[in-house]
Amino acid sequence: MSTPAYTLVRSDRRTLAIQITKDAQVVVRAPRYTPQSTIDHFVASQENWIRQHQQRQVERLATHPPHTDAEIAALRQRAKKELPPLVAYWADRMGVRPTGFHITAARTRFGSCSGKNSLSFSLYLMDYPQEAIEAVVVHELAHIRHKNHSPAFYAEVERYLPDYRRRAKLLKG
């Protein structure tokens, strides 16, 4: 077994974990006092998994290169222009009222609804088709009534978007 190159992060955790970053680097997280030999053996035992996931990230980067500053600015402008009327339309149809609206540069979630019913949407949502954008808007507005992902929450979403699950799949990948 060979040991792939990795960055080691030690902390007060109990288990070993491997992470493949967006740029296909390997990060190993380990309990503070785990012997180096144990960590190396663990990484070597996961070599196939590491290579497979690194390859996925390399392919993803090839098909979805990082945005330039100009592209990010354009996405932000488009979000500021297109999302408020979309939120207003669906809020009116659903009979809910958000207390605020924000555009963020979040990369790990497309939208959120705070406990005080303020909505946030990632500018990166604008990279997706209109029907996917609408799915996120309706999803977040439904959180004004249901602060969880219960069956009642999804029933609320699907009441307004019967094809919600198909639309949500457009956001994957």
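Placed above this text is the structure.
Residues numbered from 1 in each chain as written. Predicted model: local features only at pLDDT ≥ 70, side-chain atom pairs only at ≥ 80, totals over all residues. Heavy atoms only, no water.

### A short note on the packing of helix 3 (residues 69–94) against helix 4 (residues 130–142)
Note the threshold: Between N-to-C directions, angles cover 0 to 180 degrees, with each direction set by a line fitted to C-alpha atoms, over the stretch in contact for helices. Under the DSSP-based scheme used, a helix requires at least four consecutive residues in state H or I and a strand at least two consecutive residues in state E, with every element numbered from the N terminus. Should an angle lie under 35 degrees it is considered roughly parallel, over 145 roughly antiparallel, and from 65 to 115 roughly perpendicular; all remaining angles are considered oblique. For any pair of crossing helices, the crossing counts as left-handed if the nearer helix is rotated counterclockwise from the farther one by less than a right angle, and right-handed if it is rotated clockwise. Residues are treated as being in contact if the distance between any of their heavy atoms lies within 4.5 Å.
Between helix 3 and helix 4, the shortest axis-to-axis distance is 10 Å and the interhelical angle comes to 55°. One finds that helix 3 runs oblique with respect to helix 4. Between helix 3 and helix 4 the crossing geometry is right-handed. Where helix 3 abuts helix 4, its residues Arg78, Glu82, Leu83, Leu86, Val87, Trp90, Ala91 and Met94 lie against Gln130, Ile133, Glu134, Val137, Val138, Leu141 and Ala142.

### Let's talk about the sheet that holds strand 5 (residues 111–113)
Operational definition: Strand pairing is defined by DSSP finding a minimum of two bridges between the two strands.
Pairing within the open sheet is mixed, and its three strands lie in the order 4-6-5. Looking at which strands have only one partner, the edges of the open sheet turn out to be strand 4 (100–104) and strand 5. Between one strand axis and the next, the sheet turns by 15° as a mean value, whatever way the strands run. Note: strand 4 against strand 6 (residues 118–122), five bridges, orientation parallel. Directly across from Phe101, in strand 6, lies its bridge partner Leu119.

### Details of unusual backbone geometry
The criterion, for reference: Each residue is assigned to one of three classes by its accessible area relative to the maximum for its type, calculated with a 1.4 Å probe on protein chains only: buried under 20%, partly exposed between the two thresholds, exposed over 50%.
In this structure, Ala24 is a non-glycine residue whose phi angle is positive, near 70°. Positionally, Ala24 belongs in the loop between strand 2 (17–20) and strand 3 (26–31). Owing to a relative accessible area of 10%, Ala24 belongs among the buried residues under this scheme. With a phi angle near 70°, Asn117 is a residue other than glycine that sits in the positive phi range. Here Asn117 lies in the loop between strand 5 and strand 6.

### Comments concerning the nonpolar core
Here is the rule: Nine residue types can take part in a nonpolar core, namely buried Ala, Val, Leu, Ile, Met, Phe, Trp, Tyr and Cys, and a core is a set of them joined through side-chain atoms within 4.5 Å.
Leu83, Trp90, Met94, Phe121, Val137, Val138 and Leu141 are the most contacted members of the largest nonpolar core, which totals 34 residues. Of all the elements in the fold, those that place two or more residues in this core are helix 3, strand 6, helix 4, helix 5 (151–160) and helix 6 (164–169). The biggest single contributor to this core is helix 3, with nine residues. Discounting residues that sit within four places of it in the chain, Met94 has contacts with Val138, Leu141, Ala142, Arg145, Glu156 and Tyr160. With eight residues, the next largest nonpolar core counts Val26, Ala30, Ile39 and Ile50 among its residues.

### Considerations on the side chain of Ser122
The test is simple: Polar contact is defined as a pair of N or O atoms within 3.5 Å, subject to the rule that within protein one atom must be able to donate a hydrogen and the other to accept it, and that residues adjacent in sequence are counted only when both atoms are side-chain atoms.
By the secondary structure assignment, Ser122 is in strand 6. Overall, the relative accessible area of 1% leaves Ser122 in the buried class. Here Tyr124 takes part through its backbone nitrogen, which lies 3.1 Å from a polar atom of the side chain of Ser122. Beyond its immediate chain neighbours, meaning those up to four positions away, Ser122 contacts Thr104, Ala105, Ala106, Arg109 and Phe110.

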